[in-house]
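Given next are the chains, with one letter for each unit.
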Amino acid sequence: MVLEKELLPYSEWLSGLGWDSALFRFGATVLVFAVLALVVGFLVAMVRYGPLKAGDLTYRVVTNGFKELWQISPRRVMALAGLAVKESLRRRVLVALVIFGLILLFAGWFLRTDNPEPARLYLSFVLTATTYLTLLIALLLSAFSLPADFKNRTIYTIVTKPVRAGDIVLGRILGFTFVGTAMLAIMGVCSYIFVVRSLDHTHAVDLRSVENIPDESGEVIGRRGRTMIEADHFHEFEVEADGRGIAFSEYGHSHDVEQQGDRYAFASPQDFLRARVPLRGKLSFLDRQGSPVAHGVNVGNEWTYRSFIDGGSAAAATWTFDGIDESILKINPEDETQYLPVELIVRVFRTYKGEIERGILGSIQLRNPDTKVKSTVQTFLAKDVSIDEHRFERQQYNPADNQPIDLLEDLVTKDGRVEVIVQCLDSAQYYGFAQADCYIPLPDASPLWNFIKTYISIWVQMVLVITIGVTASTFLSGPIAMMFTVSFITLGFFRDFFVKVAEGTQVGGGPVESLVRLVTQRNLTTRFEPSPAVQLMEALDRVFKGAMQSIAAVLPDFRSLSTVNYVANGFEIPANAIGQQLTVCLAYLVGLSIIGYFFLRTREVAK
C-alpha cells in the first residue's frame, strides 16, 4: 500500500500551522475567489454599462450581498433543487446508469481470472469506472445548466419569483447532488454485487491426490490433497479427523472445507475482500557498513518513494513500533500459543535475473531498542511487491547464547517499543522499502463498510466538480465553463507538482525558464549566464510564481481524495481521511457558493 503522504490527525490537519493548513486554505479560497468574482464582475459590467454604472453595481453587490446571503430560504432552495432534478431527468442523465450496466455486463470478458490478485483487479476496475463516469456526468450537468437557461431565457421565469441569486446557485448544486447521489448509490450496489459474484467460486477435489495423514503411531488423523483447477488456480487442502479443514491460501484467498463421506464441499472464498487495519512504525536505514543514514540506496528509479538496501551486506531497514502489548498478540488456534504478526511488502530490484521464479533471500528479526536483545532470525524468499506474512512466537531464542527469551518481557521495552529489522541476504540484489511497507496487522475492519467509504470519497469528488461547475457557469458560457472546470480538476490532480513550481523547488525553474529551456534545448542542470534577458526571464518567473502560489492555495488536491487504492489493496480507509475529505467538501461548497452568488449578482438578470 503506497502512502506518499502521512495522514495527519484531524485536529492537527484542520488547525495546523502554515499555508497548507485546512483553515488557511479555506480562508484563502473564499478570499481569492471572492476578489476575483468582484473584479471580473466589475470588468464585465464596465464593458456593458460603462465604468460609473459598473462601479455602482459592484458597490451595491458588496453592500447588499452578505445581507441577502443571510436571507437565503431553505424552502426556496429546495424548490429550485427539485427543478434541477427534473431538468437532469429531462436531459436523460439516467442513460449513465445504462452505460454503467453495459460496462459491468461485458467487463468479465476482459478481466483476467489468472491474475494473482483478482480482487485487486476487479475492485480497481469498478471503482475507477464509477469515479470517471460519475465525474463526467457531474461535469456535464453543472457546466451547461445555467448557460442553457440564459440561452433559452428560462431563467427569466425564475427570477420573476421572489428568489435570490444565492437560492439559484445553492438550488442547482443541491439538485445535481441529489441526482448524482442516487446514481452513485445504484452504482455502488451493482458494483459490490458484481465483484462478489465474479470472485465467488468453488473447487472439486482431484481424488487421485488425496492421501491419509498419520500420526506417530500410524493412526489416521486427517487427509490432505489438492483441488482441480478452477478460475486458473488450485489449492492444497487438509481436513482433520472430524471432517473439517481448510484449503490453503492461493491467489489471495482460502476456502473452508468439509468432508462428507468420499466427497468434499468447499465454501465460498475467504479473504478476497479485506480491510486490514495496520499499526505502522517509523522507518530508518543502515548503509553497507551498518552506519545510520537518512535514506537507502537510489537504484535509478525516478520515483523516490522507496529507498533500497544492498544485499549481502550490513545494510538494513528498521521499523520502530510503539504501543506493543499483549492485546496486539494473536493466538494460534492449533496450539493456543501467542505470536506477534508482522506483514512486509518488499520491492525487489534485481541486478541480474538468475532464477526469475525464485524469490530473493532475506531475513527479518525483532530487537529491543534499549537492550539490543534480538529474536531468532527468520529467513524468507521475497517476490516483487508481494505481502510476506511473518509470525514471531511469544517464546523466542536469543541468537547470542541460544537461551529462551520472552517476546514481551525481553524484546519489547517497558513503554511498548520494538524494532523490526529486515536485511537482503542475496549479494548484488536489493530490497526497496517505504515507511508504509511494514506493519503489524490489527483485527480487520468490515470490508463492506470500507467499500461504502470509498463511495463516500467518490461522492466528495462529485460534489466538488458540481460546485466548481455551477460556480463557473454563473459567469461563463457552457463550453468555457466545462473547460474551466476540467482545467481546475486537472491542476488539482497535479497539485504537488504545481506547488513545487510555484515555490521554485522544481528542477528546471519557473514557467518562463522552463519554456526557454525547452525552446533552446538546454538541459535542466545547466545554469544561464547573467544577462539582461536572463534577469527579465527571472523577473517574469517571480510574477508567475506569485500568481501560481495564489492559485495553488485554493486548488483542491483531487489525488488525495481518491481512496481506490486503499480498498483495492485490502486496507481500511481511516475514518480520519473521510473526515478530512468531508470537511474539504463543505469548505469548497460554502466558499464557491458565495463566489457564485457574487458572480450571478453582477449579471443583468440577477439585479
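Quick notes on the rules
Residues numbered from 1 in each chain as written. Predicted model: local features only at pLDDT ≥ 70, side-chain atom pairs only at ≥ 80, totals over all residues. Heavy atoms only, no water. Helix = DSSP H or I, 4+ residues; strand = E, 2+ residues; numbered from the N terminus. Buried < 20%, exposed > 50% of the residue type's maximum accessible area, 1.4 Å probe, protein only. Contact = heavy atoms within 4.5 Å. Salt bridge = Lys/Arg side-chain N within 4 Å of Asp/Glu carboxyl O. Pairing = 2+ DSSP bridges. Axes fitted to C-alpha atoms, helices over the stretch in contact; angles between N-to-C directions. Core = buried A, V, L, I, M, F, W, Y, C linked by side-chain atoms within 4.5 Å. Patch = residues over 30% accessible without salt bridge, like charges linked within 9 Å, V, L, I, M, F, W, Y side chains within 5 Å. Areas by Shrake-Rupley, 256 points an atom, 1.4 Å probe, with all protein chains shown as cover. Lys, Arg positive; Asp, Glu negative; His and termini not counted. Charge placed at Lys NZ, Arg CZ, Asp CG, Glu CD. Parallel < 35°, antiparallel > 145°, perpendicular 65-115°, else oblique. Left-handed = near helix turned anticlockwise from the far one by under 90°. Nonpolar A, V, L, I, M, F, W, Y, C, P; charged D, E, K, R; others polar. Expected span 1.5 Å × (residues − 1). Phe/Tyr/Trp six-rings, centres within 6.5 Å; stacked < 30°, edge-to-face > 60°. Lys NZ or Arg CZ within 6 Å of the ring centre and 35° of its normal. Polar contact = N/O pair within 3.5 Å; in protein donor to acceptor, adjacent residues only side chain to side chain.

(A) Structural detail: the overall build of the chain. Counting its secondary structure elements, the chain contains 17 helices and 21 strands. Principal axes of the C-alpha set define a box for the chain whose edges measure 105 × 70 × 50 Å. Relative to its 607 residues, the chain shows a buried fraction of 44%. Contacts in the chain between residues at least 24 apart in sequence constitute 70% of all its contacts with a sequence separation of at least 6.

(B) Structural view of the pattern of salt bridges. Applying the stated rule across the entire model yields 19 salt bridges. Where glutamate 87 meets arginine 172, a salt bridge forms, and the shortest distance between an N and an O atom there is 3.4 Å. Linking glutamate 87 in helix α4 (residues 74–90) with arginine 172 in helix α8 (residues 165–199), this pair joins segments that are 85 residues apart in sequence. Judged by relative accessible area, glutamate 87 falls into the buried class, the value being 10%. Note that arginine 417 and aspartate 415 form a salt bridge whose closest N and O atoms lie 3.2 Å from each other. Where salt bridges share partners, they join Glu87, Arg91 and Arg172 into one cluster.

(C) Up close: the sheet that holds strand β1 (residues 211–214). As summarised here, the arrangement of the 6 strands in space is β1-β2-β3-β4-β5-β6, forming an open sheet in which the pairing is antiparallel. Both edges of this open sheet fall to β1 and β6 (263–266), since each of them pairs with a single strand only. Strand-to-strand twist across the sheet, computed as the mean angle between neighbouring axes with direction ignored, equals 30°. Across 3 bridges, strand β3 (residues 236–240) lies against strand β4 (residues 244–250) in antiparallel orientation. For phenylalanine 237, the partnering residue across the bridge sits in β4 and is alanine 247.

(D) Examining the pairing of strand β5 (residues 253–260) more closely. Alignment of β4 against β5, held across 5 bridges, turns out to be antiparallel. Its bridge partner lying in β5, arginine 244 is registered against glutamate 258. Linking β4 to β5, which pair antiparallel, is a turn of 2 residues; within it tyrosine 251 sits at a positive phi near 55°. Where β5 meets β6, 4 bridges bridge the pair, whose relative direction is antiparallel. Residue pairing for β6: glutamine 259 is matched across the bridge by tyrosine 264. Hairpin geometry of β5 and β6 is characterised by an intervening segment of 2 residues between the two adjacent antiparallel strands and by a positive phi of about 70° at glycine 261.

(E) Expanded view of the nonpolar core. Among the nonpolar cores identified, the biggest contains 79 residues, and Leu127, Met183, Phe194, Val195, Val465 and Ile466 are the most heavily contacted of them. Top element by residues in this core is helix α6 (residues 118–152). It accounts for 13 residues. Excluding residues within four positions of it along the chain, isoleucine 466 makes contact with Ala138, Ser142, Ile173, Phe176 and Thr177. Within the second largest apolar cluster, 34 residues are counted, among which are Phe285, Val348, Ile364 and Ile405.

(F) Quick look at the pairing of strand β11 (residues 316–321). Counted residue by residue, β11 has 5 buried out of 6 residues, so it is predominantly covered. As paired elements, strand β8 (residues 282–286) and β11 share 5 bridges and run antiparallel to each other. Paired with phenylalanine 285 across the strands is alanine 317, a residue of β11. Note that β11 and strand β19 (residues 418–424) share 5 bridges and pair antiparallel. Looking across to β19, one finds that alanine 317 is bridged to valine 422.

(G) Summary view of the sheet that holds β8. Strand order in the open sheet formed by 6 strands is β9-β8-β11-β19-β14-β15, and the pairing between neighbours is antiparallel. Each of the sheet's edge strands pairs with one partner strand only, and the pair in question is β9 (292–293) and β15 (378–382).

(H) Quick peek at a negative patch on the surface. A contiguous patch of negative charge on the surface is contributed by Glu236, Glu238, Glu240, Asp242, Glu250, Glu334, Asp335 and Glu336. Take the negative patch: its biggest share by element is 3 residues, from β3. Within the fold, aspartate 242 resides in the loop between β3 and β4.

(I) Spatial organisation of the packing of α8 against helix α10 (residues 447–473). Contact geometry for α8 and α10: axes closest at 9 Å, N-to-C directions at 150°. In terms of their interaxial angle, α8 and α10 are classed as roughly antiparallel. When the axes of α8 and α10 are compared, the crossing they make is right-handed. Along the contact surface, α8 presents Val169, Arg172, Ile173, Phe176, Thr177, Gly180, Thr181, Leu184, Met187, Gly188, Ser191 and Tyr192, while α10 presents Leu448, Phe451, Tyr455, Ile458, Trp459, Met462, Val463, Ile466, Thr467 and Val470. Residue composition of the contact of α8 with α10, grouped by class: 15 nonpolar, 6 polar and 1 charged.

(J) Expanded view of helix α17 (residues 575–601). Here α17 contains 27 residues, and its C-alpha end-to-end distance of 39 Å stays within 8% of the 39 Å for a straight helix at 1.5 Å per residue. With 19 of 27 residues buried, α17 is to be regarded as a mostly interior element.

(K) Focus on the packing of aromatic side chains. The final tally for this structure, using the stated rule, is 14 aromatic pairs. Seen from their ring centres, phenylalanine 308 and phenylalanine 349 are 6.1 Å apart, and the 70° between their planes marks the pair as edge-to-face. You can see phenylalanine 308 sitting in strand β10 (residues 307–310) and its partner phenylalanine 349 sitting in strand β13 (residues 338–350), a full 41 residues away along the chain. On the basis of relative accessibility, which here comes to 27%, the residue phenylalanine 349 falls in the partly exposed class. Taken together, Trp319, Phe380, Tyr431 and Phe433 form an aromatic cluster joined through their ring pairs. Across from the ring centre of phenylalanine 234, 4.3 Å away, lies the NZ or CZ of arginine 226, which sits over that ring.

(L) Broad picture of the environment of isoleucine 331. If you trace the backbone, isoleucine 331 turns up in strand β12 (residues 330–331). Along the primary structure isoleucine 331 and proline 341 are separated by 10 residues, whereas in three dimensions their C-alpha atoms are 10.0 Å apart.

(M) Examining the side chain of aspartate 310 more closely. By secondary structure assignment, the location of aspartate 310 is in strand β10. The exposure class assigned to aspartate 310 is buried, which follows from its relative accessible area of 7%. A polar contact of 3.1 Å, which involves the side chain of aspartate 310, links it to the side chain of arginine 288. Ignoring sequence-local partners within four residues, the contact set of aspartate 310 consists of Arg288, Val297, Ala315, Cys424, Gln429 and Tyr430.

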